Amino acid sequence: MSGYILAIDQGTTSTRSMLFDRHMRVVGLGQQEFPQYFPASGWVEHEAEEIWESVLATVRTALAEAGIGAADVAAIGITNQRETTVVWDRQSGEPLHRAVVWQDRRSAHVCDELKARGLEPLFSQKTGLLLDPYFSGTKLAWLLDRTPGLRERAASGEVCFGTVDSWLIYKLTGGRVHVTDATNASRTLIYNIGENRWDEELLDILGIPPAMLPEVKDCAADFGITDPAIFGVEIPILGVAGDQQAAMIGNACFRPGMMKSTYGTGCFALLNTGLDRVASSNRLLTTIAYRLDGVTTYALEGSIFIAGAAVQWLRDELGFITVASDVSRLAEKADPNQRVYLVPAFTGLGAPWWDADARGAIFGLTRGTGPAEFARAALESVAYQTFDLLEAMRRDWQAGTERTILRVDGGMVASDWTMQRLADILAAPVDRPVFLETTILGAAWLAASRAGLWPDREGFAARWQRDHRFEPGMAEAERRQAIDGWRDSVERCLSR
Ligand SMILES: Nc1ncnc2c1ncn2[C@@H]1O[C@H](COP(=O)(O)OP(=O)(O)O)[C@@H](O)[C@H]1O
Ligand SMILES: O=P(O)(O)OC[C@H](O)CO
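Residues numbered from 1 in each chain as written. Chains lettered and ligands numbered in written order. Predicted model: local features only at pLDDT ≥ 70, side-chain atom pairs only at ≥ 80, totals over all residues. Heavy atoms only, no water.

Next up on the list: the sheet that holds strand 16 (residues 285-292). Strands sit in the order 16-17-15-14-20-21-22 across an open sheet of seven strands; the sheet is mixed. Every interior strand has two partners, whereas the edge strands, strand 16 and strand 22 (466-470), have only one. Looking at each pair of strands side by side, their axes are set apart by 30 degrees on average, direction ignored. Two strands pair when backbone bridges link them, and strand 15 (residues 267-274) and strand 17 (residues 295-304) are joined in this way by seven bridges, in the antiparallel orientation. Paired with G274 across the two strands is Y298, which belongs to strand 17. Together, strand 14 (259-263), strand 15, strand 17 and strand 20 (406-409) form the strand contacts of helix 13 (residues 371-396), whose direction differs from that of strand 17 by roughly 140 degrees. (Pairing = 2+ DSSP bridges. Helix = DSSP H or I, 4+ residues; strand = E, 2+ residues; numbered from the N terminus. Axes fitted to C-alpha atoms, helices over the stretch in contact; angles between N-to-C directions. Contact = heavy atoms within 4.5 Å.)

What follows is the structure, encoded as structure tokens:
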């Protein structure tokens, strides 16, 4: 049987490749971690060639597991860690610096300078983002400033900039194609999300030569054909989206008001606002959810840096559990009369606080506080942080959030306890899908629908299946009291 779809999920710590058959069933999987480099405090880098090698290795593993050849693959979909910034030589394909990862804070001073010049409203209005080193633009400005000769070479067209999707497409096509998709472009701080084009004014401010930018396409489009030297055959690349947007697509959140939240290392919540580009007054991001057939759908996004990472902290630093899946059982044993709060600001606080200098703290300790209360506080912190995001979304766009049901995915949603707590604190239902690999499914659907092999948007959405709905069940007074305690704890952690 031919007509298989290969989906590649190039994440922050690992790369996964998955093969789906015509019936959307998974038939093969390859996964590989790759090295992380931390050359200075707050710096995070990847070796672009190691990312590429991990893609090749995982594709081969997935093909072998499925027992099929590359000739049976009809199309490729790509999803990726967003914002991570790669620069390479257009001719030789050689990376000109290690990739600067989204978590990297080295360009904080560039953001501060721009803010001091009063430029944040301009960037926000055009890009939907904030002046934070999280986004690609100031990372790229830093690279252009610090690498001798790079700006001149870039201006003469010898250098390519791209997010990881661009880099992988360049490699897959044998260096022939330099493109990206609208969702990845929307994370760069130089893309005008209203006019759907690179913004000359912002490029000028950051000193970025337009000649180094990729062409921006819809999420389902012709992104190029693989070089036969790589897999032995030519395969079209037909779908691309940043990983959080791909999760939104994979969770079939196609209607305005639908919301997904992915609980992995961190947590990223996206609310579909349809054709409305809702500008946040509460320090959320406005971003492109997807662009299909030339039509841009927008989303409000909230990013939390620590979610599952708090569970890793309990496991690796405190030694309270041996495997992540033990955390719920431990939390269940917590004394219900103790109100302990963990604010996991280990690397600062993300949305809606955006306080890079905040640090974590635990409040409410008594002589009887032990591992169970720590575990409960760690899991509850995820629910409270999501509540803060949803509240900000409600303030920004009340009409669209009245009956919000949250669709969840990511490693942490295996914890029933956490999901129930989430529903309780949000006072809104939480739906967990049967198929939890929504990110990679989203990339697969983009490619497969473009290839005409899988159902269209409505058909795909109709196939979304719920595993369980967690209904809110907490008394309102208790919920309010719990949230007040959280708010008080966060206030005490903020740096300003
Ligand atoms: N059963 C569980 N209960 C709570 N947290 C879990 C459970 N299983 C995994 N996790 C957490 O989920 C995270 C892994 O999720 P995953 O979606 O694979 O993350 P990422 O893609 O960011 O690497 C880890 O931080 C881990 O601590
Ligand atoms: O690689 P992930 O899954 O941690 O996702 C990273 C996000 O895309 C960063 O914005």
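Once you've had a look at it, read on.
Applying the stated criterion across every chain yields a total of 35 salt bridges. E476 serves as the salt-bridge partner of R479, at 3.0 Å between the closest nitrogen and oxygen. Placement of the pair is R479 and E476 together in helix 17 (residues 476-493), with a separation of three residues, close to one helical turn. Relative accessible area serves as the criterion here: at 7%, R479 is assigned to the buried category. Taking relative accessible area as the criterion, E476 reaches 42% and is therefore assigned partly exposed. In this structure, a network of salt bridges that share partners links the residues E45, E47, R98, D104 and R106. (Salt bridge = Lys/Arg side-chain N within 4 Å of Asp/Glu carboxyl O. Buried < 20%, exposed > 50% of the residue type's maximum accessible area, 1.4 Å probe, protein only.)

Each assigned domain of the protein is listed with its residue range as follows: domain 1 (4-243) and domain 2 (252-496). Just the C-alpha atoms count here: the centres of domain 1 and domain 2 sit 25 Å apart. On the side of domain 2, 37 residues touch domain 1, which itself brings 51 residues to the contact. Surface buried jointly by domain 1 and domain 2 totals about 3500 Å² across both partners, of which 63% is contributed by carbon and sulfur atoms. At the surface where domain 1 touches domain 2, the tally comes to six salt bridges. Salt-bridge contacts for R283 lead to E120; the nearest nitrogen and oxygen are separated by 3.9 Å. Summed over the shared surface of domain 1 and domain 2, the number is 18 residue pairs in polar contact (both at pLDDT 80 or more). Of all the elements in the fold, those that place two or more residues in the side of domain 1 that touches domain 2 are strand 1 (4-10), strand 2 (14-20), strand 5 (73-80), helix 3 (120-127), helix 7 (182-185), strand 12 (215-217) and strand 13 (237-242). Residue composition of the side of domain 1 that touches domain 2, by class: 26 nonpolar, 12 polar and 13 charged. (Domains from an automatic or database assignment. Buried area = accessible area lost by both parts, 1.4 Å probe. Polar contact = N/O pair within 3.5 Å; in protein donor to acceptor, adjacent residues only side chain to side chain. Nonpolar A, V, L, I, M, F, W, Y, C, P; charged D, E, K, R; others polar.)

Taken together, 14 residues are adjacent to ligand 1, and T265, G308, Q312, G411 and M412 come closest. For ligand 1, an oxygen atom lies 2.9 Å from a polar atom in the backbone of G411. Isolated, ligand 1 exposes 580 Å² of accessible area, and the fraction of that covered by the protein chains is 68%. Examining the composition of the shell around ligand 1, we find that four residues originate from one element, helix 11 (residues 308-316), more than from any other. Here the residues of the shell around ligand 1 sort into six nonpolar, eight polar and no charged. (Near = heavy atom within 4 Å. Areas by Shrake-Rupley, 256 points an atom, 1.4 Å probe, with all protein chains shown as cover.)

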